[in-house]
Each structure stands twice: as structure tokens, then as C-alpha cells.
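The primary structure of each chain is shown beneath.
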Amino acid sequence: MVDASNRTRPSWLQQYELVGKIGEGTYGLVFLAKSKLSANKGVHIAIKKFKQSKEGDGVSPTAIREIMLLRECDHENVVKLVNVHINHTDMSLYLAFDYAEHDLYEIIRHHREKLSTPINQYTVKSLLWQILNGLNYLHSNWIIHRDLKPSNILVMGDGDEHGVVKIGDFGLARIYQAPLKPLGDNGVVVTIWYRAPELLLGAKHYTTAVDMWAVGCIFAELLTLKPLFQGIEDKSTHNPLQLDQLDKIFRVLGHPTPEKWPTLNNLPYWQTSRQRMQGPKSESCVLHQVVSLQQKSAAYDLLSKMLEYDPCKRITAAQALEHEYFRCEPVPGRNSLVPIQPNEKVIGYPQRPVDFSADFECSGSQPQMVTSSHAVNNTGAASVPGPRAMSQQLPLGNMPRLAPYGIAGQTGMPGLPVNNLPVPRGPQQPHPQQGKRKEPIGGIQNPGHYASQSKSRRMQ
Ligand SMILES: Nc1ncnc2c1ncn2[C@@H]1O[C@H](COP(=O)(O)OP(=O)(O)OP(=O)(O)O)[C@@H](O)[C@H]1O
């Protein structure tokens, strides 16, 4: 049957078969599509459509920054940007990424709410190693992510890259080649639960250490299946000082002191926070109890180094990769989702729910969520009209290049200015992602016993 809407679709869009909408973030909508080009026929792609900037003046600076960064990034643990399209009529921007079936938000939720079992040690270690490997690449290329959280840590589904981690969503990342040059910002920074204490206390510069703090929070969440520091946002202020978040941190790690964190007194909100936080100020750390780890264990040692108060002393991604935790059994592997014990079952994590009634302009009828496997079989989605205007590919060859690959630690390295204060958003106690997705249909798939463990999945 001839699809009449195809005549009005821009040519680039005709290389994809739209399946449906899979997500929505601060900056835009995310769609699932399949490639129709013979070389990649049937390959799944995630297409992120950026919202117009508030001023309606075309592609937002955030989007342009994301493109510049992503086009240059080439690493197994960083999501690949495969195509960029701009629609000149309404200046909407479409970025096509490799599609990842899972993310840590959903994997953690599946263990917490469906399986009621912890994530196995091999999987935790493999996920963490690959997050650090991707982050080390980004930091070595002068990129700070600044918005690391479980939903931004993508994990590949079935196929050659099954179980491989991809760091996604670089909408907030910055190149800090020119660290003292102020950068325009749109006010949204790291989700409050993963936000480093120096930012909460008003630090003026970002460093790679803010990402390491977030990784520490994610590591703890992988172990306990609960966010480590679930502060309640104070939405009444544009001030970075989020007292409840600091309180949650201090109760677990103990109150910081200038002896342990020498530059504490220089932070703009340290004195205010001391005055406004009531109650006894204990210095004792109960992190090991919260995450149920032996204080002498390698896992605890690494976690406590990621959650070091002083950003100058916090472990770097490069150092973390060398940590003893990754040398002791079970050693991490490339496919983080395969079981390690011969009698362990393969966990069938749920596929992403897809709203296959949505089109690129989101003019679909009543949203109906199905799993992507259902949607993939539903080719009717292709008849949904796409943008009608002419579009062309961005001339990306002229984009500035990143600094050459080198080692960049967080100590002694100037950071990025923190211009605007984070805008608190989202509900108070529920997880920041809660409500964004509907309950996926499906559950445990591919049950069965894992055969012998292959050496080839291990990392060198
Ligand atoms: N390449 C991809 N493959 C599959 N799913 C993706 C991909 N990129 C993003 N997603 C999913 O789409 C959803 C929306 O992502 P997006 O990055 O727009 O926002 P977010 O990270 O959830 O929130 P925010 O942008 O507000 O920080 C998330 O569930 C995310 O896991």
C-alpha cells in the first residue's frame, strides 16, 4: 500500500520507519525507528527530537553543544550519534543514536519491584567498570557530563553488543578547553540526588569530580536498589543550596569539616548551611551500614573514595579503573548482563515501552504503550506523517574539534563556571524518573540456564 504521507516527508526521514515514542526528557522527545537503508535494514535507532528554545529562535544552543560533542565521541562505552538532521522550516533538530534497549533506571527498578533480588556482583562490577571506562574517555577529552544518573546509563540489548554500557545524554556536557570563559546555561543541571556537595554549597566551577560523585551514588544504588541520597527539592529557590539534600548526605557520610576538606570555608553557602541546619553534627560515617559492605572490602574502599567530600581528593575515573575492586573475583566483563554462575538464569529485563501512536510531531491519538517487540511487528506506525518541511544535514565537518586525547585528572585542573543555578524540578520523594514511563508489558524473558561461561566475554 502506498503511504500518501510519504510524499510530504523530508527525504532523510524516509530512510527510517518510525516505530513510536520511547521517552521524553527536559530537552526533547525520544523515538524508536528502524533503518530502511539496505546496509542497515531493520537496525533500531533512537531519534531524539529537540524542543525549540524558549525564544523560538531555532535550534537551541544546548542542542548544538550536544551535536558538537557527540559527533566527535567514539568510544564503546559512549552512545554513538549516527546521524544529524535539521528541519529548516521550524528549525527542529533530530539526532539519531544507536538504540539501547535498557538503562540502569529500568534495570534497578526491575530488581527492586519485580524480582526482589539484588543485582549480581559480576553485573554490578561490569556495569561500573564500563561507566568508568566511558567517563575516563570523556574526561580525557575535556568533557564533563554533569547529568549522570541511572536513566542516562544505557545498556545494549540482544546482539553483538549485548550487555555493553553506553553513557548517554550529553545535553548538559561542556567542553572545558576554555575554562574561564563563562558559558550561557539554561539553568538545569544534575538531578538533585546525584549532585555533588560542592555544587550544593555553591561551588563556582564544575570539575570532573562532580561526575565521580554521581558515579558513587549510582554504584551505591546498584548495590542497594535505592537512591543513596533522596533529598527533597526546595523548588522555591534558584539558589544551589538544597538543605535537605545536604542533610541526607551528612547523615550518611558525617558532617564535613575544614580539616578534611580545606576549601570548605571558601564555599559560598557553607556558613549559611551550618546556621540553617539544626541538630547535632556528627562526623561519623555510616555508609558501610547503608550499603551493607564490610569496611575492609575493596568495594567499600572504592565507593568511599568516589564519595569523598573534597573534590580534589575524590578518586578520578582513571584511578578508579585501576582499583583493586576490579582485580578481584568476579572480574568485570564486556557483557554485563550474562550470569556468572553456571546454574544462574538469564534475566530478561523488560524492553522499553513504546507509544506507537505518536509521530514525530506528537500528534498521535490516545497514547498506547506496548513493548518495543510488539511495536516492531506493527508496521502501521510507518504511515504516520512526519515533518512536512524540507530538511538537510548539518555541515558538521566544520564543527570545532575536541582537545587531543590525553589524561585529565580533576586535581589541579580548572573547572567550568557554574553560571545559573540549578532549577529544582520533579516531585519530592518519588524518583525523578517516576511517572515519565508507564509500566512496561512483559517481564522475565529468555529464562533458561546459562551454559558454560565463555572466557571471551571477559575484558583484558
Ligand atoms: N539511544 C537511546 N536508546 C534508547 N533509549 C534512549 C536513548 N537515549 C535516550 N533514551 C531514553 O529516552 C528517555 C528520555 O531520554 P532523555 O535523554 O531525553 O531524557 P532523560 O535523561 O530521561 O531526562 P532529562 O533530559 O530530563 O535529564 C530515557 O528513558 C532514556 O533512557
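Residues numbered from 1 in each chain as written. Predicted model: local features only at pLDDT ≥ 70, side-chain atom pairs only at ≥ 80, totals over all residues. Heavy atoms only, no water.

Naming follows an unreviewed UniProt entry, where the chain appears as Cyclin-dependent kinase E-1 of Ceratopteris richardii.

Asker: Quick question: what am I supposed to make of the confidence of the model for the chain here?
Answerer: Interpreting fine coordinate detail is not advised for predicted regions of low pLDDT. Mean pLDDT over the chain works out to 75, with 69% of the residues at or above the 70 mark. Considering only residues more than four positions removed or in separate chains, one finds that residues 1-5, a stretch of pLDDT under 50, has five contacts. Below pLDDT 50 for its whole length, residues 363-417 participates in 159 contacts with residues either more than four positions away or in separate chains. Among the scores for the predicted complex, ipTM is 0.96 and pTM is 0.78. (pLDDT = per-residue confidence, 0-100. Contact = heavy atoms within 4.5 Å.)

Asker: Help me understand the packing of helix α5 (residues 208-224) against helix α9 (residues 298-306) in this model?
Answerer: When two helices pack together, their arrangement is captured by the angle between the axes and the distance separating the axes. Two elements in contact, α5 and α9, have axes separated by 8 Å at closest approach and are oriented at 140°. Our classification of the angle between α5 and α9 gives oblique. Two packed elements cross with a definite hand, and for α5 against α9 that hand is left-handed. Each of Met 212, Trp 213, Val 215, Gly 216, Phe 219 and Ala 220 in α5 lies in contact with α9, whose residues at this interface are Ala 299, Leu 302, Leu 303 and Met 306. Taken together, the residues that form the contact of α5 with α9 break down as nine nonpolar, one polar and no charged. (Axes fitted to C-alpha atoms, helices over the stretch in contact; angles between N-to-C directions. Helix = DSSP H or I, 4+ residues; strand = E, 2+ residues; numbered from the N terminus. Parallel < 35°, antiparallel > 145°, perpendicular 65-115°, else oblique. Left-handed = near helix turned anticlockwise from the far one by under 90°. Nonpolar A, V, L, I, M, F, W, Y, C, P; charged D, E, K, R; others polar.)

Asker: Sorry, what's going on with the nonpolar core here?
Answerer: Across soluble globular proteins, nonpolar side chains show a tendency to be buried alongside one another. By size, the foremost hydrophobic cluster in this structure holds 76 residues, and its most contacted members are Leu 104, Leu 132 and Met 306. No other element matches the ten residues that α5 contributes to this core. Discounting residues that sit within four places of it in the chain, Leu 104 has contacts with Leu 127, Ile 131, Pro 150, Ile 153, Val 155, Ile 218 and Leu 222. Within the second largest apolar cluster, 22 residues are counted, among which are Leu 95, Phe 97, Tyr 99 and Val 164. (Core = buried A, V, L, I, M, F, W, Y, C linked by side-chain atoms within 4.5 Å. Buried < 20%, exposed > 50% of the residue type's maximum accessible area, 1.4 Å probe, protein only.)

Asker: Looking at this structure, I do not really get the environment of Val 82. What am I missing?
Answerer: Inspection of the secondary structure assignment puts Val 82 in strand β4 (residues 81-87). Residue classification places Val 82 among the partly exposed positions, given a relative accessible area of 34%. A C-alpha to C-alpha distance of 45 Å links Val 82 and Gly 254, two positions 172 residues apart in sequence. If we ignore the near neighbours within four places in the chain, the residues touching Val 82 are Ile 45, Arg 71, Ala 96, Phe 97 and Asp 98.

Asker: Is there a simple way to think about the state of the cysteines in this case?
Answerer: Two cysteines joined by a covalent bond between their sulfur atoms form a disulfide. Throughout the structure, instances matching the rule amount to zero disulfides. Of all cysteine sulfurs, the one in Cys 285 lies closest to Cys 217, which takes part in no disulfide; the gap is 13 Å. (Disulfide = S-S within 2.5 Å.)

Asker: Is there a simple way to think about the pattern of salt bridges in this case?
Answerer: For side chains of opposite charge, pairing can occur when their charged atoms come near one another. The full count for this structure, using the stated rule, is 13 salt bridges. Of the charged contacts, one joins Arg 251 and Asp 247 as a salt bridge, the two residues approaching to 2.8 Å between their closest N and O atoms. Here Arg 251 and its partner Asp 247 are both found in helix α6 (residues 243-253), four residues apart, which amounts to about one turn of the helix. (Salt bridge = Lys/Arg side-chain N within 4 Å of Asp/Glu carboxyl O.)

Asker: Honestly, α6 in this entry has me stumped. Any pointers?
Answerer: Because the α-helix completes a turn every 3.6 residues, residues three or four places apart line up on one side. Buried residues dominate α6, accounting for eight of its eleven residues. Within the span of α6, buried status applies to Leu 243, Gln 245, Leu 246, Asp 247, Ile 249, Phe 250, Val 252 and Leu 253. Contacts from the buried residues of α6 go to α4 (197-200), α5, α7 (270-276) and α8 (287-291). Note on α6: the residue one or two positions beyond its end, Gly 254, has a positive phi of about 85°.

Asker: What's the story with the pairing of strand β5 (residues 92-98) in this structure? I'm lost.
Answerer: A regular strand carries its side chains on alternate faces of the sheet. Summarising burial for β5: six of the seven residues are buried, a large majority. By the bridge criterion, six bridges tie strand β3 (residues 44-50) to β5 in an arrangement that is antiparallel. If you follow Ala 46 over to β5, its bridge partner there is Phe 97. When β4 meets β5, the two strands line up antiparallel, connected through six bridges. Residue Leu 81 lies in a different strand from β5, and its bridge partner there is Phe 97. The turn joining β4 and β5, which pair antiparallel and follow one another in sequence, is formed by four residues; a positive phi near 55° is taken by Met 91. (Pairing = 2+ DSSP bridges.)

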